[in-house]
Amino acid sequence: MPTEVDAHQFKVLSKDVQTCTDKVKKLALLKKICLMYRGEFLPELSGDEWVLVESVQYKNIYSESLQELCKLLIERGDYEETLRFCEPACQLYPFDEWQSVRIDCYMALNRYKDAVQEYENTAKLFFEELGIRPSEHMMQQFEQMSSRLNYKPQELGDIKERLKEDDIRGGAFYCSLPSFRDSYRLVSRIIERNGQSVYLMLCSITNGKGMPMDKPDKLEVLSGELQNTIQQCLRKGDSFTKYSPSQFLILLVGTNKENCSMIFDRIQRYFSREHKSWKQYLDYFVSSVAEVDRQDSPIQFNTENKTW
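Keep in mind the model is a prediction, meaning the values are calculated, not measured. The residue numbering used here restarts from 1 in each chain and proceeds along that chain's sequence as written. A pLDDT threshold of at least 70 governs which residues receive local features in this predicted model, and a stricter bar of 80 or more applies before side-chain atom pairs are shown or counted, although totals over entire chains, interfaces and linings include all residues. Based on all heavy atoms of the structure, the side-chain values leave hydrogens and waters out of the count.

Asks: Looking at this structure, how should I read the packing of helix 3 (residues 49–76) against helix 4 (residues 79–92)?
Replies: The geometry of a pair of packed helices is captured by two quantities: the angle between their axes and the separation between those axes. For helices, the fitted axis covers only the stretch in contact; all axes are lines through C-alpha atoms, and the angles between them, taken along N-to-C directions, range from 0 to 180 degrees. Put simply, DSSP H or I for four residues or longer makes a helix, DSSP E for two residues or longer makes a strand, and each gets a number counted from the N terminus. Contact geometry of helix 3 with helix 4 gives a least axis separation of 9 Å together with a crossing angle of 165 degrees. Put simply, helix 3 runs roughly antiparallel to helix 4. Of the two elements, helix 3 crosses helix 4, and the hand of that crossing is left-handed. Facing Tyr62, Leu66, Leu69, Cys70, Leu73 and Ile74 of helix 3, the residues of helix 4 in contact are Tyr79, Glu81, Thr82, Phe85, Cys86, Pro88 and Ala89. Think of it as three bins: nonpolar holds Ala, Val, Leu, Ile, Met, Phe, Trp, Tyr, Cys and Pro, charged holds Asp, Glu, Lys and Arg, and polar takes everything else, Gly as well. Of the residues belonging to the contact of helix 3 with helix 4, the class tally is 11 nonpolar, one polar and one charged. What sets the label is the angle itself: under 35 degrees gives roughly parallel, over 145 gives roughly antiparallel, 65 to 115 gives roughly perpendicular, and the rest give oblique. The crossing is said to be left-handed when, going from far helix to near helix, the turn is anticlockwise and less than a right angle, and right-handed when the turn is clockwise. We call two residues in contact whenever any of their non-hydrogen atoms come within 4.5 Å of each other.

Encoded structure:
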């Protein structure tokens, strides 16, 4: 019975590309390779060494083929098609910076707002997932985009729309760690002038004995529930962020130390409303923002590592 194995065909196509000298045929072969690729090779057997080796080879073929394809398409001015072929790569490998190619295409098409949006989404992804900023190349792209985006006074409404929350919900405002850090620094400056009472709370998930939770699956469930709990239990004027898989930082504006313990009790009750035993997994520390830098504060900012 005649059979076809896509993995074998994939390698044959890659060899055909290497020997092909006709640009039109080469372009067709590269498109076929990129359309054929579907991601990780045999993901359910990824623990086997031979599968891992094959998977890396296939990814390299895909990446090199896509890179060459994008180069040929951009030379022809086919920016829309380049965007289309880069989209799956951005989904499969979001940290390989294929978004940078998309930004170049948007800029070539004079679609600067789309280019800025692509950059902002990528920067947010890198900060939230890896805690790093995009590469120097993407930073330079952003500078080029900014220089060409000359907003006029009548476009203020458009700017306001871009500043609005995408999803307005009740309860506390969740933000990324870099955004939370900026908010904290701004609030620190404000209270120096008006003397308002602001507290920083650190909520931690433990193993029930005061030690960090060491079961990843259970921690993931508890962490998701704690995030939802904080969202529901606090006011719209309060903000919070996920500092680590087991810790959340909360900025409580206009409250006092006594109320902080009441707030934690409310969080604890809501968190354990369906599973009473979950109450033992929560712990917290609280400190006035004005006192965080003091040595005796239970929550301190590490100046050497620039982290909480």
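Asks: Honestly, the sheet that holds strand 4 (residues 247–253) in this entry has me stumped. Any pointers?
Replies: What holds strands together in a sheet is hydrogen bonding between their backbones, with the strands either parallel or antiparallel. Only strands joined by at least two bridges in the DSSP assignment are considered to pair. With mixed pairing, five strands are arranged side by side in an open sheet as 1-3-4-2-5. At either end of the open sheet lies a strand with only one pairing partner, and these are strand 1 (173–174) and strand 5 (282–288). With seven bridges joining them, strand 2 (residues 198–205) and strand 5 adopt antiparallel strand pairing. Along strand 5, the bridge assignment pairs Ile205 with Leu282.

Asks: Honestly, the layout of surface pockets in this entry has me stumped. Any pointers?
Replies: Gaps left between atoms are located by rolling a probe of water-molecule size over the structure's atoms. Lining residues are defined by having an atom within 4 Å of a point belonging to a cavity or pocket. Those points lie on a 1 Å grid over the protein atoms alone, cavities being sets where a 1.4 Å probe fits but cannot get out and pockets being open sets with protein on both sides within 12 Å along at least five of seven lines. Grid points are joined across faces, edges and corners, and a volume is the space filled by probe spheres set on the points. Approximately 230 Å³ is the volume attributed to the second largest pocket. As for the second largest pocket, its lining consists of Asp6, Ala7, Phe10, Met36, Tyr37, Arg38, Gly39, Glu40, Phe41, Leu42 and Tyr58. Considering every element that reaches the lining of the second largest pocket, the biggest residue donor is helix 1 (residues 6–19), with three residues. Across the lining of the second largest pocket, the residue classes break down as seven nonpolar, one polar and three charged.

Asks: Could you clarify how one ought to interpret the pattern of salt bridges in this entry?
Replies: Between side chains of opposite charge, pairing is possible as soon as their charged atoms come close. Salt bridges are defined by distance alone: a side-chain nitrogen of Lys or Arg within 4 Å of a carboxyl oxygen of Asp or Glu. Inspection of every chain in the model, using the stated rule, returns 13 salt bridges. Of the charged contacts in the structure, one is a salt bridge between Lys11 and Glu54, with a shortest N-O distance of 3.3 Å. Of the two residues, Lys11 is situated in helix 1 and Glu54 in helix 3; the sequence distance between them amounts to 43 residues. Here Glu81 and Lys31 are joined by a salt bridge, their closest N and O atoms 2.9 Å apart. Of the two residues, Glu81 sits in helix 4 while Lys31 sits in helix 2 (residues 23–36), which places them 50 residues apart along the sequence. Overall, the relative accessible area of 22% leaves Lys31 in the partly exposed class. Under the scheme applied here, a residue whose accessible area is under 20% of the maximum for its type counts as buried, over 50% as exposed, and between as partly exposed, the area being computed with a 1.4 Å probe on protein chains only.

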